[in-house]
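Here is how the chains run, residue by residue.
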Amino acid sequence: MQADDGVDPDFEEEPWDDEDEDMPATERDLADDAQWKLIQKNTFTRWANEHLKTINKSITNLETDFSDGLRLLGLIEVLAGKKFKHINKRPNFRTQKLENVTMSLQYLERDEGIRIVNIDSTDIVDSKLKLILGLIWTLILHYSISMPMWEGEEPGPQEGGPTPKQRLLNWIQNKVPDIPIKNFTTDWNDGRAIGALVDAVGPGLCPDWEDWDPKNNAKNAKEAMDAAQKWLDVPQLIKPKELTNPKVDEMSMMTYLSQFPNAKLKPGAPLRPRLNTNRVRAWGPGLEPKGNQIGAPARFTIETFSAGKGEIDVKVLNPKGKTETCEVVFNNDRNLTYSCVYVPSIEGEYRVIIKFAGKEIPKSPFNVKVEGASADPSKVKAEGPGLEKTGLVATKRTYFHIYTKDAGKGKVDVTILDPHGRKDSVRPAITAIPDQEGVYLAEYVPREPGLHSINVFFAGHQITNSPFGVNVAPVSNAKMCYASGRGVQPHGIRIRDNADFKVHTKGAGVAEVKVQIFGPGGIEVQCKVVKSKTEEGVFECVYVPLQPGQYIINVTFGDQHITKSPFKVDVGPFKESKIIAYGPGLECGVVNQPAVFTVETRGETGALGFSIEGPSEAKIECKDNEDGSADVTYWPTAPGEYAVHILCNEEDIPKSPYMAEIKPATTEFDASKVTAKGPGLEKTGVMVGTWAEFTVDTRKAGKAPLKISCLDVNLKPIEVQVKDNKDGTYSCKYKPFASVKHTVTITYGSVMIPKSPFRVVVQEPSKPANVKVYGPGIEKGVKTLKKTHFKVDCTTAGPGDVAIALIDEQGKDVPVNVIDNQDGTFTIEYEPKTPGTYTVSVYFGGQEIPKSPIKVKVESSIDVSKVRVIGMEPIGEQRDIEIVTTAAGKADTPARVLITPPSGVQREVPTEGTIDGYGAKFALLEPGPHKVDISYAGMPVPQSPFMVEAIPVSSGVKAYGPVLQGGVANKPAEFTIDTREATEPGGLGVTVEGPSEAKIECRDNQNGTCNVTYFPTAPGDYNVNVLYGDKHIEKSPFHAKIEPGPVLDVSGVRAYGPGLEPQGHSTNVTTSASSHRQLEYTGVRMVEPKSAQESFWPIRLFEKKIAFRFSVSTVVAIITCVEKTRVLSAGNRLRVYHTGDPCQQKKCLQIIGGKSDFPYFTDIGGDACQMSVRCR
C-alpha cells in the first residue's frame, strides 16, 4: 500500500529496521525481533483510540473492530472533519459492512488525495491484520506527520522537499541539537533523547536529562514520558518499556514523536529552570561566512526556548575591532526568539559574538566576510502572486520571483511586516532556482488576515516598487464555495414550496455563510440556514416563497459572493397534480450509465414532457408501460448536479425539478451484467402477507454497492431483507401487506440493472385456516415401527403449497412421504421409530395452519403394561423371578434388572430368556430397603421400581394351602398357618394385597394352627403376607393368581323394597333373579354415613330372592351394571347411567342429579360391577 502524499517510497515499502533490509520477508516475520509487531499493533490501537474518544468510541482489537466499517468511518470523520451520511448503522450483513468500508476508502482516495493500493474493503471486513496496519500507517503519515503545519518549522519549497520521515527527524534534530539523533529506533533506547525532547518542548520539565544514567533507561523514559503526558498533553501511544526495547518499531516511534511539534506546555507545570547555553541556537544570513555586503542589512535569529532564562548579549566587531550597532528585538513568541540585524559599513572580516547569561553560545564568535557593494538595485524586479494586492488567504502558502540578472553582485533579502508591524512573524524562504541565472524564489505563509508589507532588498537596498502592500484575506475563499439544490434552480419552484438548497464550503476556509433573498417588489424573504450535522462544510438552507414572480438569492461566504451568486429564481403559482415520479435517476447516477426513473399519471391527462439541465446534455428515452406509467432513461456524459424537470402541459409538476448527483465514470463495475430473478420479481404469484423471494447475481459485474427498494402503489416503502451469500449473489425477500401493484427497484453502484424496475401485482393470500388434517396418523393408537398416515385437505384453502415438518420427542426430524392425490388432498405417510410425543407442523402457502402444531402420542408397539413380574420377595435368600412379556410383544433387547441396595452400589442382575419372557435370579444380601428397577424395551414395567424390604425370616412357622398359589374371584380362599414348630413366641399377622380389597377371616384351631380365609372380589395377582413376630415366615409373601369367576347374566336381577326408598329406617331390600347362578354372586356394599367406612356382604340365595335388612340413616343403592345397559333406580333423587365399556375395564359411571358424594364401585366378576352412592 502506498500513499501519494510525498511519502518516501523506499521508507514506505520497507518500514522495518535498517538492519533487517536484507532479510527475506518470510524470515523476518518469523525472526526473534517479531516484538516490533506487537509494539506496532499496540501503538496504532492507542493512536486510533486517542482520536475515537472524541466521539465516545474505542477499539480493543485492531484486527476485528474495523470489520463492520463503523469505527473506521468514525476515525476518518475525526481526522478529516468529514461527516458521512447514508451509513449502515446496524451492519448485520456482509454487504452492509462492505458498503461502510468502501465509503471510507473511496473518501480517502477521492477527497483526501491518498492513493491506496493493494487493499480493498474485503480485506478490512475479513480482518486481515497486516493490511489493516498498513492502512492505519497511511492515515498516521497523512494526518499526523505530512499534513500538519508545525509551529516554528521553517517553510521550504513544496516540491522536492523532505519525506515525512526526514521532516520529522529534521524537526527533532533542530529541537535537540545537543544529542546526535539519526534514527527512530536505537538512538532512543537509553531514555535520554526523549528526556531532551520533552525538556526542549517544555523547558524545565526534564532539565537534568544530561545527567541521566543510560543504564537506567526504563526509569529515564518513564520520567520523561509521564511528564509529557501530564504537562504537554502527549498521550503515551508507545509505552516506556516499548521505547527502550532494542527491537522497537520505527513506525510506532514516529507515530508517538509526531505529537511533539504542536504540543503546548500547560499552565502550572512544575518547571525546574536550568540555564544551558549549549541549547541556544543562532542562524541566518547575517552569520554566514559569505554573502554579506557593505550597506546591506545582515539579519539573523537567536532561539533560547530550551536554554532556560537568561539575557542575550550581541556584539558585532568590524575588521578594525570597533563595535557596530546591532538591533536585537525579542519576538515574544513560543520559541523565545530574537530578531537581530546589523549593517556592515566596511569591507573585511566581521566577528559576531553572541552570549547568553554571560556565556558564549555554541559556534560563537561567528566570522562573517563582508564584501564591497557593486550592485544596482534599480535593475532588480520582483513579481508573482505573493506580491498581488488581493487574492492571498491567511495560512495559505504563496510565492513570488526575484530577478537580479544584470543587477550586479549583491545579496537578496526579504523582510515582511505583518499587520501589527512585526518583522519576524512571517519568515520567507529564499532559494536560488537552479539553471536560471539570477532568479530567486521567495515563499511565505501569512499567519493572519490584514495588510502586509513585503520589503525586497538587493545589496542592502530596496528594489524598485518595494515595499509591496498585499491585503491578506481571512482563511476563506468564497469562489471555492457553490450552491446546489432545487431552491436555486431558475424554474420549477412554486409558492408555498419548501424551497431547499445547500451551500458547500469545504476547502474554502472558515467564514460566515449569509443568505439574503429578495422577492417581487424587493420584499426580503426569510431563509433558514443551518449547518449540516452529517456533511462537512455544508449549510442547509430553506425558504418559502409566498408570491409568484422572480426572486434574487444572494449567497456570501466571508462577505464575498460564492460562485454563480446571486441566483435568479422564477417562482410559479400553486399547482396540484396526481402525477408522481420516483426512481434512482431522480437522485443519483454515473456518467455514461443509464439513469432511470418512473412517472405515473394516476389518471391525470395532459402532455408529459421531460428536460434535463446539468453539466452536459443528456439523451432522454421514454417507455410507455401501457398502464398509466412510463419509465424514463437519460444518459449523463459529465459528472455534477443535474436538474430533472418533469413537465405536464409544459409546466413543472409539484416537486419538480428533482436534483440528481451524477458521479464520474468508472470501470470498477458494470451494472448491465447484474441479473435478478425469482418469484418475488414475477408479475403474478406473490401473495399478501407471504415472503416474496428473489436472487441478485453480481458475480460478473465487479464491485459496487447494491441497493434494493420496494414501493407499493402509494409509494409506501416495503422492507427488503438482503442476505449476502459471500459469493457475489444475494438472497432477497420482502413481504407485501396489500393486494396492490408493487415496484421493486434494483440499482448497482447507483445504476439501474437490466429489467428493473420490476412491477409485481400482489394477490390475496391463501387461507391456511381452511386446511383440514385428519387420519389415524394424528390420532390415538399410533405405534412404533408401524407405518401410519394422515391426510391434509386443502380443497377450500385456495392456492398454496403444502409443507410438513415432523419431529419426535427428542426434536429429531422424522422422514415423511407426501403423496399428492390430485384432488386437493395430500396423504402423509410416516413410520415412527421411538415412542413419545411427536409434533406435526403443517404449512400451507408458507404459513402454519391454525391447528398446527399437532401433538401425536406414539406408543411403543411393546405394551409394557402387560408385562408381569412374578417372584419379588423381600427375603435374603436367592430367589427366582419371572418377567412375563408374552402379552407385551417382542422387543429388540432383553429385559433388564437393576438392584440398588441400601449401600447405594447398584448392580445389574443377568436375565435369561424363557418361554414366557425372561427369568432372573438374585438375593437381597443387605438388610433394609432395596430398589429393584425392571425395564423392558427401554421402558419401566408396571410398578417398577419395586421397593423390597430385606428382613430376617421367622423360622419354624409354615403356611400351606392351594389358595396361596391361586384361586377364583368372589370365592372364599382358605389356607392354614402352623406355628407349632416356632422357635420363639410372637404375634401372628396376615394381610392380602391385590387388585381389590379382600375381607379376611381367621379361625384358631386351638392346636397351634389356624385357618385363614380371604375373599378376593376381582381377578389378578395377589400377595398374601404372613408375619410372625413382625417377621415374614418362610416363603412369605405368597403370590396367588386369582382367575376371573364365571360370567354373570344380571339382566334378570332386580332390587326392590322399602330399604331403597329415599327415606326410611329398618328396611328390607329384596333382589330377585331369574337364575340361582346369578344370585350366587350378588352382594351389598355398605357405606357408614359418618366414618365413610364400607363393607361388602355376599348374600345367600333364598327362594331366588334376597332379603337384606339394614337399619341406618343412609340410603344404599345396589346396582348391577352390564355393558351398554342403563339402569334407573327408583325415585327421582338418584340417577345412574353407565355410558362406557364394562366396569372391569375401569370405565367410570356418570353421576347425574342429586347431591351425591363418596361414589364407590368395584368389580364383582365377569362383566358386572356394583356401586353404592351415599346421598344426602
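Calculation notes
- Residues numbered from 1 in each chain as written.
- Predicted model: local features only at pLDDT ≥ 70, side-chain atom pairs only at ≥ 80, totals over all residues.
- Heavy atoms only, no water.
- Helix = DSSP H or I, 4+ residues; strand = E, 2+ residues; numbered from the N terminus.
- Buried < 20%, exposed > 50% of the residue type's maximum accessible area, 1.4 Å probe, protein only.
- Contact = heavy atoms within 4.5 Å.
- Areas by Shrake-Rupley, 256 points an atom, 1.4 Å probe, with all protein chains shown as cover.
- Phe/Tyr/Trp six-rings, centres within 6.5 Å; stacked < 30°, edge-to-face > 60°.
- Lys NZ or Arg CZ within 6 Å of the ring centre and 35° of its normal.
- Polar contact = N/O pair within 3.5 Å; in protein donor to acceptor, adjacent residues only side chain to side chain.
- Pairing = 2+ DSSP bridges.
- Axes fitted to C-alpha atoms, helices over the stretch in contact; angles between N-to-C directions.
- pLDDT = per-residue confidence, 0-100.
- Salt bridge = Lys/Arg side-chain N within 4 Å of Asp/Glu carboxyl O.

Student: Describe the overall build of the protein, and please don't skip the residues or the numbers.
Tutor: A tally of regular secondary structure across the protein gives 13 helices and 83 strands. Across the 1176 residues that make up the protein, the buried fraction comes to 47%. The contacts of the protein with a sequence gap of at least 6 include a subset with a gap of at least 24, amounting to 62%. On the protein, roughly 58,900 Å² of surface is accessible, and the fraction owed to carbon and sulfur atoms is 50%.

Student: Would you mind going over helix α9 (residues 192-201) in detail, with residue names and values included?
Tutor: The element α9 is largely enclosed, with a buried count of 9 among its 10 residues. Contact partners of the buried residues in α9: α8 (164-175), α10 (217-231) and α12 (250-257).

Student: Before we move on, can you summarise the packing of aromatic side chains with the specific residues and values?
Tutor: By the definition in use, this model includes 15 aromatic pairs. Every member of this aromatic cluster is reached through a ring pair, and the members are Phe-300, Tyr-342 and Tyr-350. Sitting above the plane of the Phe-574 ring, Arg-496 keeps its charged end 4.3 Å from the centroid. Here the guanidinium or amino end of Lys-733 rests over the ring plane of Trp-691, the centre of that ring lying 4.4 Å away.

Student: An account of the side chain of Ser-532 is needed here, citing residue identities and associated values.
Tutor: Relative to the assigned elements, Ser-532 resides in the loop between β24 (528-531) and β25 (538-543). From its side chain, Ser-532 meets the backbone nitrogen of Glu-535 in a polar contact 3.0 Å long. If we skip the residues at most four places from it in the chain, Ser-532 touches Val-538, Phe-539 and Glu-540.

Student: Account for the sheet that holds strand β69 (residues 999-1004), with residues named and values stated.
Tutor: Taken together, 4 strands build an open sheet; the order of strands is β65-β67-β70-β69 and the sheet is antiparallel. Sheet topology places β65 (958-960) and β69 at the edges, where each strand pairs with a single neighbour. Taken over all neighbouring pairs, the strand axes of this sheet differ in orientation by 25° on average, direction set aside.

Student: How would you summarise the environment of Val-802 if you had to cite specific residues and measurements?
Tutor: Relative to the elements of secondary structure, Val-802 occurs in strand β50 (residues 802-807). Residues Val-802 and Gly-845, 43 residues apart in the sequence, show an inter-C-alpha distance of 6.7 Å.

Student: How would you explain the sheet that holds strand β39 (residues 692-697) if you had to name every residue and give the values?
Tutor: Across the sheet, which stays open at both edges, the 4 strands sit in the order β38-β39-β43-β42 with antiparallel pairing between neighbours. Here the strands that pair on one side only, and so sit at the sheet edges, are β38 (675-677) and β42 (720-724). Across the sheet, the axes of successive neighbouring strands diverge by a mean angle of 20°, strand direction being ignored. The pairing of β38 with β39 spans 3 bridges and is classified as antiparallel.

Student: Residue-level account of unusual backbone geometry, with values.
Tutor: Residues Ser-466 and Pro-467 are joined by a peptide bond in cis, for which omega reads 0°. Assignment of secondary structure puts Pro-467 in the loop between β18 (461-462) and β19 (468-473). With an omega dihedral of 0°, the bond running from Ser-565 to Pro-566 counts as a cis peptide bond. Unusually for a residue other than glycine, Asn-465 sits at a positive phi of about 70°. If you trace the backbone, Asn-465 turns up in the loop between β18 and β19.

Student: Explain the confidence of the model for the protein residue by residue, including any values.
Tutor: Taken as a whole, the protein shows an average pLDDT of 81; of its residues, 83% reach a score of 70 or greater. Contacts of residues 1-33 to residues separated by more than four positions or lying in other chains number 57 contacts, the stretch itself having pLDDT below 50. Note on residues 155-159: pLDDT under 50 across the span, and 8 contacts to partners over four residues away in sequence or across chains.

Student: Kindly report on the pattern of salt bridges, identifying the contributing residues and their values.
Tutor: Counted according to the given criterion, the structure contains 34 salt bridges. Among the ionic pairs, Glu-303 bridges to Arg-281, the shortest N-O distance being 3.6 Å. Of this pair, Glu-303 sits in strand β3 (residues 298-303) while Arg-281 sits in strand β1 (residues 281-283), placing them 22 residues apart in sequence. For the salt bridge of Lys-506 with Glu-536, the shortest nitrogen-to-oxygen distance reads 3.8 Å. Pair noted here: Lys-506 is in the loop between β21 (499-504) and β22 (513-518) and Glu-536 is in the loop between β24 and β25, with a separation of 30 residues, a long-range link. Taking the relative accessible area as the measure of exposure, Glu-536 reaches 23% and is therefore partly exposed. Each of Asp-418, Arg-422 and Glu-448 takes part in one network of salt bridges that share partners.

Student: Which residues make up the pairing of strand β58 (residues 896-900), and what values go with them?
Tutor: In regular strands, side chains alternate between the two faces of the sheet. In terms of burial, β58 is largely enclosed, as 4 of its 5 residues are buried. Pairing analysis gives 5 bridges linking β58 to strand β62 (residues 928-936), with the strands arranged antiparallel. Along β62, the bridge assignment pairs Val-897 with Ile-934. In terms of strand pairing, β58 meets strand β59 (residues 907-909) through 3 bridges, oriented antiparallel. Across the sheet, Ile-899 pairs through a bridge with Arg-907, a residue of β59.

Student: Explain the environment of Thr-637 to me, and be specific about the residues and the numbers.
Tutor: By the element assignment, Thr-637 lies in the loop between β34 (629-635) and β35 (640-648). Through-space distance from the C-alpha of Thr-637 to that of Pro-664 is 8.8 Å; in sequence the pair is 27 residues apart. Not counting residues up to four positions away in its chain, the partners in contact with Thr-637 are Val-591, Asn-592, Ser-616, Glu-617 and Tyr-642.

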